[in-house]
Amino acid sequence: MQGSNTFWRGLDVRNSIAREIVRAFNVMNGTHVHTGDVLLELDPTGAAADANELVSGLISYRAETLRRNDAITIVEGHLNWKPAIA
């Protein structure tokens, strides 16, 4: 069953969703672990793509803010603006 969990002496999170974000499981169910042991490694691919999308959106919003501020300045008559293309 896609997206299901198997329970046995604790939670086994190796389901279809976890496989997309978990790069490696470094322990098995029932394994004794110690403080500082790396239990699993996350795949940064999805997070990196999300971060890139957010940065791109932020750049677009900043550019739009500059354009709108320029338009306000022109309307208020504080800038002697002439179009670059006649």
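Residues numbered from 1 in each chain as written. Predicted model: local features only at pLDDT ≥ 70, side-chain atom pairs only at ≥ 80, totals over all residues. Heavy atoms only, no water.

**Side note on the overall build of the protein**
Link 1 in the chain: Tallying secondary structure elements over the protein gives two helices and four strands in all.
Link 2 in the chain: Each helix (α) and strand (β) of the protein, taken in turn from the N terminus, gives the series β-β-α-β-β-α.
Link 3 in the chain: Within the protein, buried positions represent 6% of all 86 residues.
Link 4 in the chain: Restricting the contact set of the protein to residue pairs at least 6 apart, pairs at least 24 apart contribute 0%.
Link 5 in the chain: If you sum the accessible surface of the protein, you get close to 7700 Å²; carbon and sulfur atoms cover 58% of it. (Helix = DSSP H or I, 4+ residues; strand = E, 2+ residues; numbered from the N terminus. Buried < 20%, exposed > 50% of the residue type's maximum accessible area, 1.4 Å probe, protein only. Contact = heavy atoms within 4.5 Å. Areas by Shrake-Rupley, 256 points an atom, 1.4 Å probe, with all protein chains shown as cover.)

**Some words on helix 2 (residues 45-75)**
Link 1 in the chain: Helix length check: helix 2 (31 residues) gives 45 Å between terminal C-alpha atoms against 45 Å at 1.5 Å per residue, within 8%.
Link 2 in the chain: A positive backbone phi angle near 80 degrees is found at G77, which sits one or two residues after helix 2. (Expected span 1.5 Å × (residues − 1).)

**Concerning the pattern of salt bridges**
Link 1 in the chain: Within the structure shown, the criterion is met by three salt bridges.
Link 2 in the chain: Residue R23 pairs with D43 through a salt bridge whose shortest N-O separation is 3.6 Å. Of this pair, R23 sits in strand 3 (residues 22-25) while D43 is found in the loop between strand 4 (40-42) and helix 2, placing the two residues 20 residues apart along the sequence.
Link 3 in the chain: For R68, the salt bridge is made with E64, and the minimal N-O distance between the two is 2.7 Å. With R68 and E64 both in helix 2 and four residues apart, this pair spans about one turn of that helix.
Link 4 in the chain: Judged by its relative accessible area of 54%, R68 is exposed. (Salt bridge = Lys/Arg side-chain N within 4 Å of Asp/Glu carboxyl O.)

**Concerning the confidence of the model for the protein**
Detailed conclusions should not be drawn from predicted coordinates in areas where pLDDT is low.
Link 1 in the chain: With 69% of its residues at a pLDDT of at least 70, the protein reaches an overall mean of 77.
Link 2 in the chain: No element of the protein has a lower mean pLDDT than strand 1 (residues 6-7), which averages 46, and none a higher one than helix 2, which averages 90.
Link 3 in the chain: Confidence drops under a pLDDT of 50 for residues 1-9, and excluding neighbours within four residues, the segment shows 11 contacts in the predicted structure. (pLDDT = per-residue confidence, 0-100.)

**A closer look at a nonpolar patch on the surface**
Link 1 in the chain: Taken together, V33, L39, L40 and L42 make up a surface patch of nonpolar side chains, about 330 Å² in accessible area.
Link 2 in the chain: Among the secondary structure elements, L40 is positioned in strand 4. (Patch = residues over 30% accessible without salt bridge, like charges linked within 9 Å, V, L, I, M, F, W, Y side chains within 5 Å.)

**Re the environment of A24**
Link 1 in the chain: Secondary-structure assignment places A24 in strand 3.
Link 2 in the chain: As a C-alpha pair, A24 and L39 span 15 residues in sequence and 8.6 Å in three-dimensional space.
Link 3 in the chain: Those residues within four positions of A24 in sequence are excluded, and the remaining contacts are L39, L40 and E41.

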